[in-house]
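Spelled out from the first residue to the last, the chains are:
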Amino acid sequence: QSRHGKCTGCPLMELDESAQEAAKRARVERALDCTLGPDDFVRAPEPWAYRRSVKRVVGGNRGALVLGSFVRGSHQIADMNGCEVDDPVIVAALEELVHEANALGIEAYRAANARRKESSGDLRYVWAKSDGERVVLTLITARAPSPAARKLPPRLGLASAVAWSVQDDTGNSVRGGA
């Protein structure tokens, strides 16, 4: 678990900025088999809020949904609300989505397992993409028809567009067939 939260997706966050830069530089040099000069490595204008495309797993219970990511090596969901590396327009749009989904009673998808013979629920994943000003949300549901796909889009005022995809496969792939 990171000192910055429950998510284990950004292992470099544990390092200070200069150590992060050194690690990133070394990774690029190994990948390209080269040595970068001082002007070949450009720092982002801000050390945080740079991620403009995020995938979130939907978990939690009806009325108390959580958007997160799997903790490394598990299927435990770490709540990613307010992630420091996500673009602020994505953070706001995802917060709105959770609020509205909870108000509507949207259910998180639950896969069949040894205890649960059949899958249940609706909303599996949310994919958010931003250009820094606008955000597009893609709702990924387990099947059609979908309460989330029907009820959520008109209530999501912060999203410039809302798309829908069906992923009825039992795996963790975000991209569906419909």
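You'll find the structure just up there.
These numbers were taken from a predicted model, which means no experiment stands behind them.

**Re the pairing of strand S1 (residues 53-61)**
Step number 1: Strand direction decides the pairing type here: S1 and strand S4 (residues 123-130), joined by 5 bridges, are antiparallel. Looking at the pairing, Arg56 lines up with Val126 of S4.
Step number 2: As judged from the 5 bridges shared by S1 and strand S2 (residues 64-70), these two strands associate in the antiparallel manner. The residue bridging Gly59 from the neighbouring strand is Val66, located in S2.
Step number 3: Where S1 folds back on S2, the antiparallel hairpin that results is connected by 2 residues, among which Gly63 adopts a positive phi of roughly 85°.

**Focus on the nonpolar core**
The nonpolar side chains of a soluble globular protein tend to be buried with one another.
Step number 1: In this structure, Leu94, Leu123, Val126, Leu137 and Leu152 are the most contacted members of the largest nonpolar core, which totals 22 residues.
Step number 2: Residue assignment for this core shows that the elements contributing at least two residues are S1, S2, helix H2 (88-104), S4 and strand S5 (135-141).
Step number 3: Looking at which element gives the most residues to this core, the answer is H2, with 6 residues.
Step number 4: Among the nonpolar cores identified, the runner-up in size contains 8 residues, and Cys10, Met13, Ala78 and Met80 belong to it.

**Overview of helix H1 (residues 17-32)**
Step number 1: End to end, H1 covers 22 Å across 16 residues, agreeing with the expected 22 Å (1.5 Å per residue, within 8%).
Step number 2: The complete set of buried residues in H1 reads Gln20, Arg25 and Glu29. Here the buried residues of H1 occupy an arc of 165° about the axis, which is enough to place them on one side. Facing away from the buried side of H1 by more than 90 degrees, the exposed set consists of Arg27, Arg30 and Ala31.
Step number 3: Once H1 ends, the next one or two residues include Asp33, with phi positive near 50°.

**Quick word on the sheet that holds strand S3 (residues 77-79)**
Step number 1: Here 6 strands make up an open sheet; going across it, the order is S3-S2-S1-S4-S5-S6 and the pairing mixed. Each end of this open sheet is capped by a strand with a single partner; those strands are S3 and strand S6 (161-166). Each strand of the sheet is rotated relative to its neighbour by a mean of 35°, with strand direction disregarded.
Step number 2: Here S5 pairs with S6 via 6 bridges, running parallel. Directly across from Ile140, in S6, lies its bridge partner Ser165.

**A closer look at H2**
Step number 1: An ideal rise of 1.5 Å per residue puts 24 Å on 17 residues; H2 measures up with 24 Å between its terminal C-alpha atoms.
Step number 2: Buried within H2 are the following residues: Ile90, Val91, Ala93, Leu94, Glu96, Leu97, Val98, Glu100, Ala101 and Asn102.
Step number 3: Against S1, S2, S4 and S5 lie the buried residues of H2.
Step number 4: The opening residue of H2 is Asp87, an N-cap whose side-chain oxygen sits 2.9 Å from the backbone nitrogen of Val89.
Step number 5: Trailing H2 by a residue or two, Gly105 shows a phi angle of about 75°, which is positive.

**Notes on the environment of Arg110**
Step number 1: Here Arg110 shows up in the loop between H2 and S4.
Step number 2: Classification of Arg110 by relative accessible area gives partly exposed; the value is 27%.
Step number 3: Beyond its immediate stretch of four places on either side in the chain, Arg110 contacts Gly60, Asn61, Arg116, Ser119 and Ser120.
Step number 4: A distance of 2.4 Å separates the side chain of Arg110 from the backbone oxygen of Gly60, its partner in a polar contact.
Step number 5: Polar contacts involving the side chain of Arg110 include one to the side chain of Asn61, which spans 2.9 Å.

Here is what the cut-offs are and how they apply
- Residues numbered from 1 in each chain as written.
- Predicted model: local features only at pLDDT ≥ 70, side-chain atom pairs only at ≥ 80, totals over all residues.
- Heavy atoms only, no water.
- Pairing = 2+ DSSP bridges.
- Helix = DSSP H or I, 4+ residues; strand = E, 2+ residues; numbered from the N terminus.
- Core = buried A, V, L, I, M, F, W, Y, C linked by side-chain atoms within 4.5 Å.
- Buried < 20%, exposed > 50% of the residue type's maximum accessible area, 1.4 Å probe, protein only.
- Expected span 1.5 Å × (residues − 1).
- Arc of directions from axis to C-beta.
- Axes fitted to C-alpha atoms, helices over the stretch in contact; angles between N-to-C directions.
- Contact = heavy atoms within 4.5 Å.
- Polar contact = N/O pair within 3.5 Å; in protein donor to acceptor, adjacent residues only side chain to side chain.

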